[in-house]
Amino acid sequence: MKVAWAGSRETLELSDRMAKLVANDPVFEKFTRPMLGRKELFKNTLRKAAHGWKLIVDLRLTEEEAKWLRLYIDEPAYTDLHWGMFIPAIEGQGTEEQKKKWLPLAQKMKIIGCYAQTELGHGSNVQGLETTATFDPQADEFVIHSPTLTSSKWWPGGLGKASTHALVYARLIVGGEFHGVHGFIVQLRSLEDHSPLPGITVGDIGLKFGNGAYNTMDNGVLRFDHVRIPRNQMLMRVSQVTKEGKYMQSDVPRQLIYGTMVYVRQTIVVDASKALSRAVCIATRYSAVRRQFGSRNGGPETQVIDYKTQQSRLFPLLASAYAFRFVGEWLKWLYMDVKQRLEANDFSTLPEAHACTAGLKSLTTTATADGIEECRKLCGGHGYLVSSGLPELFAVYIPACTYEGDNVVLLLQVARFIVKTVSELGYKQPVGTTAYMGRVATLMQNNCAVRTAEDWLNPGAIVEAFEARAARMAVACGRQLAKFENPEEGFAELASDLVEASVAHCQLIVVSKFIEKLQQDIPGKGVKQSLEILCYVYALFLLHKHQGDFLAVGYLTPKQALLANDQLRTLYSKVRPNAIALVDSFNYTDHYLGSILGRYDGNVYPKLYEAAWEDPLNDSDVADGFHQYVQPILKQKLHSAKL
Ligand SMILES: CC/C=C\C/C=C\C/C=C\C/C=C\C/C=C\CCCC(=O)SCCNC(=O)CCNC(=O)[C@H](O)C(C)(C)COP(=O)(O)OP(=O)(O)OC[C@H]1O[C@@H](n2cnc3c(N)ncnc32)[C@H](O)[C@@H]1OP(=O)(O)O
Ligand SMILES: Cc1cc2nc3c(=O)[nH]c(=O)nc-3n(C[C@H](O)[C@H](O)[C@H](O)COP(=O)(O)OP(=O)(O)OC[C@H]3O[C@@H](n4cnc5c(N)ncnc54)[C@H](O)[C@@H]3O)c2cc1C
């Protein structure tokens, strides 16, 4: 199962080596992180990032090894944005000449870059950005300017303190005409002493949610006062500005300017499975250690993992972690395919890639953020201790629902794609993830054939149920929209229904990709069978949770919905014996998990007890401030007899 989770034996071995390298290096210690003040915390992150880079250079790690190393260091840092967005943006939007100039500098870390798109006034509405880049043909330069307070760049990770350069998204103005938002490479700080260059005001935006957590990142604010950059620092793969001041659009679609977001959303889906699996690993192991009630004749109490309510909350999350792992694998493949096509100037699959990355990013991050919090509750009171690892994981993870596109805004993008597909059904055969809509007549007509709980153990029945629900919800939205004279007004009015239709479409993708994964050759005794059980758990859990949709569109009867729930209960009993093995298969070191509750050896209580004494409050028996603030109260002489 470890191999199935990792994707291949090579990846398992490679990631294992990197995990151990980090776990055994004292520089990467992270348990004191929540106790550190902001300055100390940030300096510590810089130290870890520098040590990580030294290891990458000294050990000549490959790009793949370096990625795993950064992952296991497990501390958000400026390097995430440098490697994760600045470099990919230049790769995707730069010309060959620009790539030749900037990529070697960035890859050797001679410069540090961030991705400066969002502003104080606009994040979701990229076309609403206010920063301007005005071409000055006399000087052959762009003038980058922040005309208003709301045009201040606000949020970019790595911008606040670390970056020397930024990829700045600004409205292009040539010859007094606006040409939409484009990307520009702008140097922010001196490469000698790191001080901000003239015309640049830059700093950190302040503390974020949670102790430690995402505060290791220097999310920044940035303002420009007529900062000049050479013309060739506008990324010009999509459109160009000539020396003479002529704006030219190549055959490449404008949307490619948003290409970096497609790339990062795809990585975020893969990361969702990592974050959820960590939380599930902690909650599952602890649920096997923890006992409450049920002692008979002085024997041990019941392990809480044996309670059906615990199983019905925990096992769907375990199944979701596997589901997200496999849909992430597929999405990576889809992205690589689109990338290759784009390089050959084939842009036909870009809209689907945008819809899939946007929708799956939204679906998986929402489920993961909610899932981490559920895991905290599954661990009872101890889950609220920082030493459980869950509060910090939650605090670091939840912004994923917002960054790289607010999850609702992204689902509305999926809705536009679905509605367009439905409206074109008469003359265009849908392909890829919308191919099922080509069978819309059948899906609208046929109803579910399930008669017994066993009938639900059939991938065909499950896929058809999810297809029918998604198709019927999409068609219903299409019909409602047709009643509006102004389609945009209709879209705004029906937005909540459209979001629900998008969720149905995205859930269908995840379920289908899990089922497709099971059609592949999966070596290892019992591995495929265990994955099949998890796949059914994932699908039937969704069906149970959203049974209102399935019933409302008239595909299922209430009896069939009840049968799905009966089957789900049986499946939980089948997961139980393998639950610990299924989380051990994630192959996480205790260092990466960062949780006393999730320790591999299960030695929870002695370690919790020990850790309590390490809290700084326990440095002395009498706390600082006692004599000043508490003792006077204890010693006070009150006049009222009652008091
Ligand atoms: C803890 C971490 C540990 C380790 C990390 C390890 C590795 C690190 C790897 C990566 C880093 C990951 C995480 C780091 C953390 C944080 C990073 C966060 C970074 C950011 O947040 S950057 C800012 C992101 N901002 C957004 O996402 C903004 C959201 N808004 C938009 O995307 C768009 O503006 C919009 C789509 C919502 C609105 O568009 P619109 O339709 O209103 O108008 P347009 O005219 O803009 O679009 C019309 C047209 O274009 C199509 N379209 C839109 N977007 C795209 C796209 N991306 N690709 C292709 N096509 C697109 C749209 O469908 C329309 O098409 P149509 O055919 O005309 O209908
Ligand atoms: C930790 C973190 C790191 C970040 N890192 C970066 C970075 O490195 N670089 C960068 O450029 N940016 C970064 N961002 C910014 C991030 O990309 C934006 O915050 C995100 O895109 C959401 O935009 P917003 O803040 O404008 O939200 P808003 O759009 O203001 O959202 C507010 C509310 O309005 C709703 N809403 C907005 N528009 C619509 C609509 N059309 N229909 C219905 N509802 C709507 C949303 O659903 C939400 O509920 C980061 C943000 C965070 C939190």
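Just so it is clear, the model here is predicted, and its values are computed rather than measured.

Parameters at a glance
Within any chain, residue numbers begin from 1 and follow the written order of that chain's sequence. Chain labels run from A onward and ligand labels from 1 onward, assigned in the order the entries are written. Where local features are concerned, this predicted model is filtered to residues with pLDDT of at least 70; where side-chain atom pairs are given and counted, the filter is 80 or more; whole-chain, interface and lining totals use all residues. We define the nonpolar core as any set of buried residues of the types Ala, Val, Leu, Ile, Met, Phe, Trp, Tyr and Cys, connected via C-beta atoms lying within 7 Å of each other. The exposure label follows from counting other C-beta atoms within 10 Å of a residue's C-beta, where the C-beta atoms are placed from the backbone and the thresholds are 20 or more for buried and 12 or fewer for exposed, leaving partly exposed in between. By the convention adopted here, residues are in contact when the distance between their C-beta atoms, placed from the backbone, does not exceed 7 Å. Near, for a residue, is defined by distance from a backbone-placed C-beta atom to a molecule or strand, with 6 Å as the limit that must not be exceeded. In this text, helices come from DSSP runs of H or I with a minimum length of four residues, and strands from runs of E with a minimum of two, each type numbered from the N-terminal end. Put simply, Ala, Val, Leu, Ile, Met, Phe, Trp, Tyr, Cys and Pro go in the nonpolar bin, Asp, Glu, Lys and Arg in the charged bin, and everything else, Gly too, in the polar bin. Start and end points for every domain follow an automatic or database-based domain assignment.

Trainee: What's the story with the nonpolar core in this structure? I'm lost.
Mentor: Inside soluble globular proteins, nonpolar side chains tend to come together where they are buried. Core analysis: the biggest nonpolar cluster contains 173 residues, and Val537 and Tyr538 have the highest contact counts within it. The contact partners of valine 537, leaving out residues within four places of it in the chain, are Phe315, Pro316, Ala319, Leu568, Leu571 and Val575.

Trainee: What's the story with the site of ligand 1 in this structure? I'm lost.
Mentor: Of all residues adjacent to ligand 1, which total 29 residues, the nearest are Gly84, Val126, Gln255, Tyr258 and Gly405. Counting only elements with at least two residues in the shell around ligand 1, the list comes to α4 (63–73), α5 (78–93), α7 (259–289), α9 (350–378) and α11 (407–423). The leading source of residues in the shell around ligand 1 is α7, at four residues. Looking at side-chain class alone, the shell around ligand 1 contains 13 nonpolar, 12 polar and four charged residues. Lining the shell around ligand 1 are residues from two domains, each supplying at least three of them: domain 2 (112–250) and domain 3 (260–582).

Trainee: What's the story with unusual backbone geometry in this structure? I'm lost.
Mentor: Comment: phi is negative for the bulk of residues other than glycine, and the bulk of peptide bonds are trans. At tryptophan 155, a position not held by glycine, the phi torsion is positive, near 115°. Of note, tryptophan 155 is situated in the loop between β4 (153–154) and β5 (165–174). A tally of 20 C-beta atoms within 10 Å means that tryptophan 155 is categorised as buried. Positive phi, close to 60°, is recorded for asparagine 587, a residue that is not glycine. Mapped onto the elements of the fold, asparagine 587 is located in the loop between α19 (579–584) and α20 (590–593). Of the residues examined, asparagine 587 has 17 C-beta atoms within 10 Å and is grouped as partly exposed.

Trainee: Explanation requested: helix α10 (residues 390–397) in the structure shown.
Mentor: Because the α-helix completes a turn every 3.6 residues, residues three or four places apart line up on one side. Most of α10 sits out of view: eight of its eight residues are buried. By the burial criterion, the buried members of α10 are Leu390, Pro391, Glu392, Leu393, Phe394, Ala395, Val396 and Tyr397. Among the structural elements, α7 and α9 are those in contact with the buried residues of α10.

Trainee: What exactly am I supposed to notice about the domain arrangement of the protein chain here?
Mentor: The figure often quoted for interface size is the accessible area lost as the parts come together. Entries for the protein chain in the domain assignment read domain 1 (2–75), domain 2 (112–250) and domain 3 (260–582). For domain 1 and domain 3, the distance between their C-alpha centres works out to 30 Å. Tallied by class, the residues present in the side of domain 1 that touches domain 3 amount to four nonpolar, one polar and no charged.

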